Amino acid sequence: MSLDHVRAIAGFALRESLRRRVFVVVAVLTVAFLVLYGLGAWQAFQEVDEGFGDDDLGGVEPQTVAGATFLGLAMFGTLFLGTILAVFLTLGAARGDAESGLLQPLLVRPVGRATYLVARFAGAAAICAAYVTVVFVAAAIITRVAGDWWPDRIVGPALGLAAAVALLAAVALAGSVFLASTANGIAVFMVFGAGLVAGLLGQIGEALSSDTLNTVADVSTWALPFEALYQDALAGLTADTVGFTKLAIDLGPFGGAQDAGPLLWLWVVGYLGLVCVIAARAFARRDL
Amino acid sequence: MSLALSVSALRKTYGSVTALHGVDLEVDEGELFGLLGPNGAGKSTLVKSACGLVRPTGGTVEVAGAPAGSERANRSMGYLAELFRFPEWCRADELLELHQRLAGSRGGASERSALLEEVGLADAAGRRVGAMSKGMQQRLGLAQALIGSPRLLLLDEPTSALDPAGRRLVRALLERLRERGVAVLLNSHLLSEVELVCDRVAIIAAGRVVAAGSPDDLSHAGGVEVETGAGVRVFARASRDEAPRIVAELVGAGEAVYGVRVLRSSLEDAYLEAVEGT
Ligand SMILES: Nc1ncnc2c1ncn2[C@@H]1O[C@H](COP(=O)(O)OP(=O)(O)OP(=O)(O)O)[C@@H](O)[C@H]1O
Ligand SMILES: [Mg+2]
């Protein structure tokens, strides 16, 4: 594998995104998202202030509940936007580009097929990871300004989000070896949706103390670790929060999140490796 | 003389379709080799096997002594695909620069401008691919294939989108390449083009080589038709080369000549004969 080839191809993909104004569109829409988020958060904190002030609500801190729920919402939005970016940067990388005739001139140079996949992954993952990190930190700052609330952890959740979108980029890239662009895009979004549903199932399972639901959620979370990363990141927001406040957050739509421990990160690395190996092996056998 | 390309017993099946049934073919260094054959004959499959894009089902393909698809094989080769696309946003010069980097060429800006000049795109270095006509893109594809001074050039219908001047330019380019000792495998449906430049030709039909040899070996006279004052006269066995002599003789004999037509290119006859029955 040639590092210079990886750099050349990843750089070329980056230049394509710049030249095709992908980043301009993304930046404009992201600013719109953050403005909307800021408005919502500011309004929510106002309501909380007016409604409860400094009342004692049996140990529940309304500011913390509002902040954690809102930043959790921002996190979901960030993950969603990051996933869109990851999918669209990679969905046609192998088969799509081969069908349109873009790929062959490069591979014949020769660029190893595995090298090409790694380069496309590195380019997309770097862009998406940087993107979600920036948006998440911006949302945290907005939350701070609007409601004077700051999450218990910031680095861990940011890393988790970044890893989740990188993982989705890898899945979409692997999918692009097997499926044509449109089919691949649909498939990856469905997988993404399935992961989210699994997460919600887990939350419901937790609330109902249902072992079956919990098992289903656990298995799907491990099969689709981007969901576990997202849950872990959510949990990080209120890692040090305890008591009724924590309980109130857990009952909300962005609570119930469980931190998964260091094993998750090990699995993420293994999962990434597995996806890469499967994609590279299948791609090596393809007639182009 | 060593071989630029050596194909032996090459078989390729795509699912239930057999595209190549054991093809043998050799291209010498510095040789201009034409590959002819009807649609679906397997020409592109053969070329793609030589550049490692398609995995042979059986047989071997070697480029300059190295197995096809290996790094060493591809390093000594340039390829222009039949159906290719370059990114629309990319400028001609930028594209060549990327390929220089990938090919490890140290030619720099001088190589790029020389290649653009060679394909008649000297003025288009800064133009986006998306703003180029199909023929201009094909010219750019040729320049791209020539990056890094390959020893073997695989061209799959390189002139399909070119105007007559462009075709002539490519013919001249191929002749210059031959002088430099570059071997070329040229897929084409333009028999006249192949006849004009190629040293050797193979005709392939339904995945098999059905005829091979120099254009002269393969061709035989197609006849010459002359319109004279006394009506149309056909010289059935005459070749194109004989047309001036025939006309001179007729004029010498006092006949008025109104028109001369060489009947079907002779390679075309050979081609149709070889391809019929398959
Ligand atoms: N990817 C593929 N999958 C299935 N069949 C294929 C594939 N590529 C080519 N074929 C089949 O292989 C045979 C040879 O195709 P090939 O493209 O090599 O022909 P060709 O001689 O280049 O034709 P043309 O002159 O039209 O370019 C055809 O029957 C074609 O249908
Ligand atoms: Mg073809």
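Refer to the structure above for everything that follows.
So, a few notes on the structure that sits alongside this text.

About the criteria used
- Residues numbered from 1 in each chain as written.
- Chains lettered and ligands numbered in written order.
- Predicted model: local features only at pLDDT ≥ 70, side-chain atom pairs only at ≥ 80, totals over all residues.
- Heavy atoms only, no water.
- Helix = DSSP H or I, 4+ residues; strand = E, 2+ residues; numbered from the N terminus.
- Rg over C-alpha atoms; globule rule 2.2 N^0.38 Å.
- Buried < 20%, exposed > 50% of the residue type's maximum accessible area, 1.4 Å probe, protein only.
- Contact = heavy atoms within 4.5 Å.
- Areas by Shrake-Rupley, 256 points an atom, 1.4 Å probe, with all protein chains shown as cover.
- Lys, Arg positive; Asp, Glu negative; His and termini not counted.
- Charge placed at Lys NZ, Arg CZ, Asp CG, Glu CD.
- Pairing = 2+ DSSP bridges.
- Salt bridge = Lys/Arg side-chain N within 4 Å of Asp/Glu carboxyl O.
- Polar contact = N/O pair within 3.5 Å; in protein donor to acceptor, adjacent residues only side chain to side chain.
- Donors = N, O, S within 2.8 Å, 3.2 Å for Na, K, Ca; no water.
- Axes fitted to C-alpha atoms, helices over the stretch in contact; angles between N-to-C directions.
- Parallel < 35°, antiparallel > 145°, perpendicular 65-115°, else oblique.
- Left-handed = near helix turned anticlockwise from the far one by under 90°.
- Nonpolar A, V, L, I, M, F, W, Y, C, P; charged D, E, K, R; others polar.

### Some words on the overall build of chain A
When helices and strands are tallied, chain A shows 12 helices and 0 strands. When its helices and strands are written in sequence order, chain A yields α-α-α-α-α-α-α-α-α-α-α-α. What you see for chain A is a C-alpha radius of gyration of 21 Å, in line with the 19 Å of a compact globule of 288 residues. Reported as C-alpha extents along the three principal axes, the dimensions of chain A are approximately 70 × 45 × 30 Å. A buried classification covers 50% of the 288 residues belonging to chain A. Sequence separation of 24 or more characterises 83% of the internal contacts of chain A that already satisfy a separation of 6 or more. Accessible area for chain A stands at about 13000 Å²; split by element, carbon and sulfur atoms hold 69% of it. Averaging the positions of the 15 positive and the 22 negative side-chain charges in chain A gives two centres separated by 26 Å.

### So, the sheet that holds strand E4 (residues 58-63) of chain B
All names here are of chain B. Strands sit in the order E2-E1-E4-E5 across an open sheet of 4 strands; the sheet is antiparallel. Both edges of this open sheet fall to strand E2 (17-28) and strand E5 (66-67), since each of them pairs with a single strand only. Bridge count between strand E1 (residues 3-14) and E2: 9 bridges; the pairing is antiparallel. For Val 7, the partnering residue across the bridge sits in E2 and is Leu 25.

### Side note on the environment of A:Ala119
Residue and element names in this part refer to chain A. Mapped onto the elements of the fold, Ala 119 is located in helix H6 (residues 113-147). Classification of Ala 119 as buried rests on a relative accessible area of 0%. For the pair Ala 119 and Ala 194, spaced 75 residues apart in sequence, the C-alpha separation works out to 28 Å. What Ala 119 contacts, discounting residues up to four positions off in sequence, is Val 6, Ile 9 and Ala 10.

### Quick look at the interface of chain B and chain A
Listed as interface residues are 31 residues of chain B and, on the opposing side, 27 residues of chain A. Our count for the chain B to chain A interface comes out at 5 salt bridges. A:Asp287 is paired through a salt bridge with B:Lys12; the nearest N and O atoms lie 2.7 Å apart. In this assembly, chain B and chain A are joined by 15 residue pairs in polar contact (both at pLDDT 80 or more). Broken down by secondary-structure element, the contributors of at least two residues to the side of chain B that touches chain A are E1, helix H2 (71-75), strand E6 (77-80), helix H3 (92-103) and helix H5 (134-145) of chain B. Top contributing element to the side of chain B that touches chain A by residue count: H3(B), with 6 residues.

### Things to note about the coordination of the magnesium ion (ligand 2)
All names here are of chain B. All of the protein donors around the magnesium ion (ligand 2) are Ser 44 (OG), Glu 82 (OE) and Glu 82 (OE); their distances to the metal are 1.9 to 2.8 Å. Within this pair, whereas Ser 44 is found in helix H1 (residues 43-50), its partner Glu 82 is found in the loop between E6 and H3, the two being separated by 38 residues in sequence. Exposure remark for Ser 44: the relative accessible area of 16% places this residue in the buried category.

### Side note on the packing of helix H2 (residues 22-52) of chain A against helix H3 (residues 62-90) of chain A
A pair of packed helices is captured by two measures, namely the crossing angle of their axes and the spacing between those axes. All names here are of chain A. Where H2 contacts H3, the axes come no closer than 10 Å and their chain directions differ by 165 degrees. Taken together, the axes of H2 and H3 lie roughly antiparallel to each other. For the crossing formed where H2 meets H3, the hand is right-handed. Contacts between H2 and H3 pair Val 22, Val 26, Phe 33, Tyr 37, Gly 40, Ala 41, Ala 44, Phe 45, Val 48, Asp 49 and Phe 52 from the former with Pro 62, Gln 63, Ala 66, Gly 67, Phe 70, Leu 71, Ala 74, Gly 77, Thr 78, Leu 81 and Leu 85 from the latter. A per-class count over the contact of H2 with H3 returns 16 nonpolar, 5 polar and 1 charged.

### Quick look at the pairing of E1(B)
All names here are of chain B. In textbook terms, the turn of a hairpin is the stretch between consecutive antiparallel strands, and for E1 and E2 this stretch comprises 2 residues, one of which, Gly 15, has a positive phi near 55 degrees. In this structure, E1 lies alongside E4, joined through 5 bridges in antiparallel fashion. Bridging across to E4, Leu 5 finds its partner in Val 63.

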